[in-house]
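Structure assessment
The chain contents come next:
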Amino acid sequence: MSESDELEEIRKEKMESMKGGEDADAAADAEGAPSEPIHVEGAEHLQEIADDNGVVLADFYADWCGPCKMIEPIVEKLAAETDAAVAKVDVDAHQQLAAQYRVQGVPTLMLFSDGEAVERMTGVRDESTLRDLIQQYS
């Protein structure tokens, strides 16, 4: 097999695997919100998540924040068990995004419904409070 034949074979395999990924993404969309938190890569990414999902719980956190670590298993569980998508925003990596949403303390939790921010909470909240809030907008 020549080098160009090998390259063509690799391209075909790559295209097939990419098509499979798109099908998997479509299946996930059909089933509802992602079951794991989505790590936000910037303002446009957060808006895309908010626009693509009916209800989104955005967790503005910092790695050094003790209360953020306390709430992490709760938001992971909510991602797995509710219809809401969970977006994680590292305020140290995305300072401009945190400033855009006027995040002054962490953890700050914002709830988006139909692409718009509708609720904001700062500090640790228990699972039932967050679950009830998500249900209110689902």
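Residues numbered from 1 in each chain as written. Predicted model: local features only at pLDDT ≥ 70, side-chain atom pairs only at ≥ 80, totals over all residues. Heavy atoms only, no water.

**Description of the overall build of the protein chain**
Tallying secondary structure elements over the protein chain gives five helices and five strands in all. Taken from the N to the C terminus, the helices and strands of the protein chain come in the order α-β-α-β-α-β-α-β-β-α. Burial analysis of the protein chain (138 residues in total) assigns 36% to the buried set. Pairs at least 24 residues apart make up 68% of the contacts formed inside the protein chain by residues separated by at least 6 positions. (Helix = DSSP H or I, 4+ residues; strand = E, 2+ residues; numbered from the N terminus. Buried < 20%, exposed > 50% of the residue type's maximum accessible area, 1.4 Å probe, protein only. Contact = heavy atoms within 4.5 Å.)

**Considering the side chain of Lys88**
Note on placement: Lys88 falls in strand E3 (residues 85-90). Residue Lys88 is classed as buried on the basis of its relative accessible area, which comes to 5%. Side chain to side chain, Lys88 and Asp59 meet in a polar contact 2.8 Å long. Every residue in contact with Lys88, bar those within four places of it in the chain, is listed here: Pro37, Ile38, His39, Val40, Asp59, Tyr61, Glu72 and Val75. (Polar contact = N/O pair within 3.5 Å; in protein donor to acceptor, adjacent residues only side chain to side chain.)

**Digging into the pairing of strand E5 (residues 116-122)**
In this structure, strand E4 (residues 108-113) lies alongside E5, joined through six bridges in antiparallel fashion. Bridged to Ser113 within E5 is Glu116. Adjacent in sequence and paired antiparallel, E4 and E5 are bridged by two residues, among which Asp114 carries a positive phi angle near 55 degrees. (Pairing = 2+ DSSP bridges.)

**Quick word on the packing of aromatic side chains**
A complete count under the given rule lists two aromatic pairs for this structure. Ring centres of Phe60 and Tyr101 lie 5.9 Å apart, and the angle between their planes is 50 degrees; this geometry places the pair in the tilted category. Placement of the pair is Phe60 in strand E2 (residues 55-61) and Tyr101 in the loop between helix H4 (95-100) and E4, with a sequence separation of 41 residues. By the burial criterion, Phe60 is buried, and Tyr101 matches it. With 5.8 Å between their ring centres and 80 degrees between their planes, Tyr101 and Phe112 make a pair best called edge-to-face. You can see Tyr101 sitting in the loop between H4 and E4 and its partner Phe112 sitting in strand E4, a full 11 residues away along the chain. In terms of burial, Tyr101 and Phe112 fall into one category: buried. Through a chain of ring-to-ring contacts, three or more aromatic side chains come together here, namely Phe60, Tyr101 and Phe112. Of note, Lys88 hangs over the ring of Tyr61, and the distance from its end group to the ring centre comes to 4.5 Å. (Phe/Tyr/Trp six-rings, centres within 6.5 Å; stacked < 30°, edge-to-face > 60°. Lys NZ or Arg CZ within 6 Å of the ring centre and 35° of its normal.)

**Some thoughts on the state of the cysteines**
Applying the stated rule across the entire model yields one disulfide. One disulfide in the model links Cys65 with Cys68; its S-S distance is 2.4 Å. Residues Cys65 and Cys68 are joined through a disulfide that is right-handed, its torsion about the S-S bond being 80 degrees. Take Cys65 and Cys68: they sit in the same class, and that class is buried. (Disulfide = S-S within 2.5 Å.)

**Some words on the confidence of the model for the protein chain**
Detailed reading of the predicted model is not advised wherever pLDDT is low. Considering every residue of the protein chain, the mean pLDDT works out to 87; 83% of them sit at 70 or more. Of all helices and strands in the protein chain, the one with the weakest mean pLDDT is helix H1 (residues 3-31) (56), whereas E2 scores best (98). In this model, residues 20-30 is a region of pLDDT below 50 whose contacts with residues beyond four sequence positions or in other chains number zero contacts. (pLDDT = per-residue confidence, 0-100.)

**A few points about helix H3 (residues 66-81)**
In a regular helix each residue adds 1.5 Å, so 16 residues correspond to 22 Å; H3 covers 24 Å between its end C-alpha atoms and thus fits that length. Buried within H3 we find Cys68, Ile71, Ile74, Val75, Leu78 and Ala79. In this structure, the buried residues of H3 make contact with E2, E3, E4 and helix H5 (127-137). (Expected span 1.5 Å × (residues − 1).)

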